[in-house]
Amino acid sequence: MISIREWRANSSLDRLDCDLLLKHLLNCSRSVIAASPEKLLVEADIAQLENWKKRRIAGEPIAYILGKKEFWGLNFFVDDNVLVPRPETELLVELAERCIRDGQSILELGTGCGAVAIALVQELASKGKNVSLTATDVSPEALKICKRNLENHNIKIRLFESNWFSNISGSFDMIISNPPYIENGNPHLLALGSEPAVALVSGDDGLDAIREIIKYSSTHIKNDGYLILEHGCEQGTKVQRLFKRAGFSNVSTEKDLGGRDRVTLGKMDH
Ligand SMILES: C[S@@+](CC[C@H](N)C(=O)[O-])C[C@H]1O[C@@H](n2cnc3c(N)ncnc32)[C@H](O)[C@@H]1O
């Protein structure tokens, strides 16, 4: 047996990762871990921690090891079939919440684990706004994770498989998406190797998905409805041009908390 302090000292992981793994293993808070450095770990605990440590050192996101990720203050199940929700995507939820009205309809394309859809429905409900939300993804495995999260948060939405608009009929007051937007061969992809390529990569300039969504959105958005898309921090100008060419007005790009262009939105005037 060794103590928490000894395992931590020899783990070669940073403090936060150590704490998250210990917290998960011992099912207690970080403050309990901090207050019990001499607590002894039994052999089975050490074996489990060593296994997680190896995966972490090999580059696997801590969220996949823990099987969960916090987004918008809520916990979501994740595995390697879905993108780990990022804090910058909370801007998409914020803008959607600001632009939608009670009783309206929203379509989310590429929902992954469902974090955006669930956070948005919960946030709107807490402000007394009820919306009907439809969420889709091309990945059946992602839809299974999304379904688990919907059940866990007791949220009712329409959820089905669709390759962007292939199975979508009708029109909506708002379409939102955080589509894949990294270009083929981008060196940052090396560090993202555990996450599904379908959630990350989109053609030679990273804009294939965004072009397709903008092109077909105009036929699925009601008059005065909004299209709101997350994109890469260097894609704002190009994405704005695509919105304007497709007939959207009031086009603007909003910055994330790091001060980088992150989400573009526009209004449809048919
Ligand atoms: C960047 S991830 C976003 C996931 C989640 N909405 C979030 O913000 O954390 C993009 C999502 O789009 C989905 N996707 C990729 N290609 C698609 C397509 N052709 N049609 C529908 N969804 C697609 C991926 O499976 C993935 O879940």
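This structure is a prediction, so every number in the text was calculated from the model and none was measured. (Residues numbered from 1 in each chain as written. Predicted model: local features only at pLDDT ≥ 70, side-chain atom pairs only at ≥ 80, totals over all residues.)

Visitor: So what exactly am I meant to see when it comes to the overall build of the protein chain here?
Guide: Looking only at helices and strands, one finds ten helices and eleven strands in the protein chain. Expected size for 270 residues packed as a compact globule is a radius of gyration near 18 Å; at 21 Å, the protein chain falls within 12% of this value. In terms of overall dimensions, the protein chain has C-alpha extents of about 70 × 45 × 35 Å along its principal axes. Residues counted as buried form 34% of the 270 residues belonging to the protein chain. In the protein chain, once contacts between residues fewer than 6 apart in sequence are set aside, the share between residues at least 24 apart is 67%. (Helix = DSSP H or I, 4+ residues; strand = E, 2+ residues; numbered from the N terminus. Rg over C-alpha atoms; globule rule 2.2 N^0.38 Å. Buried ≥ 20, exposed ≤ 12 C-beta atoms within 10 Å, placed from the backbone. Contact = placed C-beta atoms within 7 Å.)

Visitor: Which parts of the structure should I look at to understand the site of the ligand?
Guide: Among the 22 residues in the neighbourhood of the ligand, the closest are listed as Gly110, Gly112, Val138, Asn178 and Ala199. Among the elements of the structure, helix 7 (115-126) and strand 6 (132-137) are those that each provide at least two residues to the shell around the ligand. Grouping the amino acids of the shell around the ligand by side-chain chemistry returns 13 nonpolar, eight polar and one charged. (Near = placed C-beta within 6 Å. Nonpolar A, V, L, I, M, F, W, Y, C, P; charged D, E, K, R; others polar.)

Visitor: What's the story with helix 4 (residues 43-57) in this structure? I'm lost.
Guide: For an α-helix the count is 3.6 residues per turn, leaving residues at separations of three or four pointing the same way. With 15 residues, helix 4 ought to run about 21 Å at 1.5 Å a step, and its terminal C-alpha atoms sit 21 Å apart, in line with that. All of the buried residues along helix 4 are Leu49, Trp52 and Arg56. Viewed end-on, helix 4 has its buried residues packed into an arc of 65°, placing them on one side of the element. Exposed side chains of helix 4 directed beyond 90 degrees from the buried face belong to Glu43, Ala44, Ala47, Glu50, Asn51, Lys54 and Ile57. The inward-facing, buried residues of helix 4 contact helix 1 (4-10), helix 2 (15-26) and helix 5 (62-66). (Expected span 1.5 Å × (residues − 1). Arc of directions from axis to C-beta.)

Visitor: Would you explain the sheet that holds strand 6 in this entry?
Guide: Backbone hydrogen bonds are what pair the strands of a sheet, in a parallel or an antiparallel way. If you trace the seven strands from one edge of the open sheet to the other, you get 7-6-5-8-9-11-10, paired in mixed fashion. The strands lining the two open edges of the sheet, one partner per strand, are strand 7 (158-161) and strand 10 (248-255). Averaged over all pairs of adjacent strands, the angle between strand axes in this sheet comes to 15°, irrespective of strand direction. Helix 9 (residues 208-217) contacts strand 5 (105-109), strand 8 (172-177) and strand 9 (221-230) of the sheet and is inclined by roughly 170° relative to strand 9. (Pairing = 2+ DSSP bridges. Axes fitted to C-alpha atoms, helices over the stretch in contact; angles between N-to-C directions.)

Visitor: Quick question: what am I supposed to make of the pairing of strand 5 here?
Guide: Consecutive side chains of a regular strand alternate in pointing toward one face of the sheet and then the other. Within strand 5, four of the five residues are buried, leaving the element largely enclosed by the surrounding structure. Inspection of the sheet shows strand 5 paired to strand 6 by five bridges, in the parallel sense. Within strand 6, the position partnered with isoleucine 106 by the bridge is leucine 133. In this region the chain leaves strand 5, passes through helix 7 and returns to the parallel neighbour strand 6; the handedness of that crossover is right-handed. Pairing of strand 5 with strand 8, which is carried by four bridges, proceeds in the parallel orientation. From the neighbouring strand, leucine 109 faces strand 8, where its bridge partner is serine 177. (Right-handed = clockwise from strand over helix to strand, strands pointing away.)

Visitor: Would you explain the nonpolar core in this entry?
Guide: In summary, soluble globular proteins display a tendency toward joint burial of nonpolar side chains. Within the largest apolar cluster, 55 residues are counted, with the highest numbers of intra-cluster contacts made by Ala96, Ile106, Met174, Ile210, Leu227 and Ile228. At eight residues, helix 7 tops the list of elements feeding residues into this core. Those residues in contact with alanine 96, other than ones at most four positions away along the chain, are Ile106, Leu120, Met174, Ile176 and Ile228. Among the nonpolar cores identified, the runner-up in size contains eight residues, and Ile4, Ile33, Leu49 and Trp52 belong to it. (Core = buried A, V, L, I, M, F, W, Y, C linked by C-beta atoms within 7 Å.)

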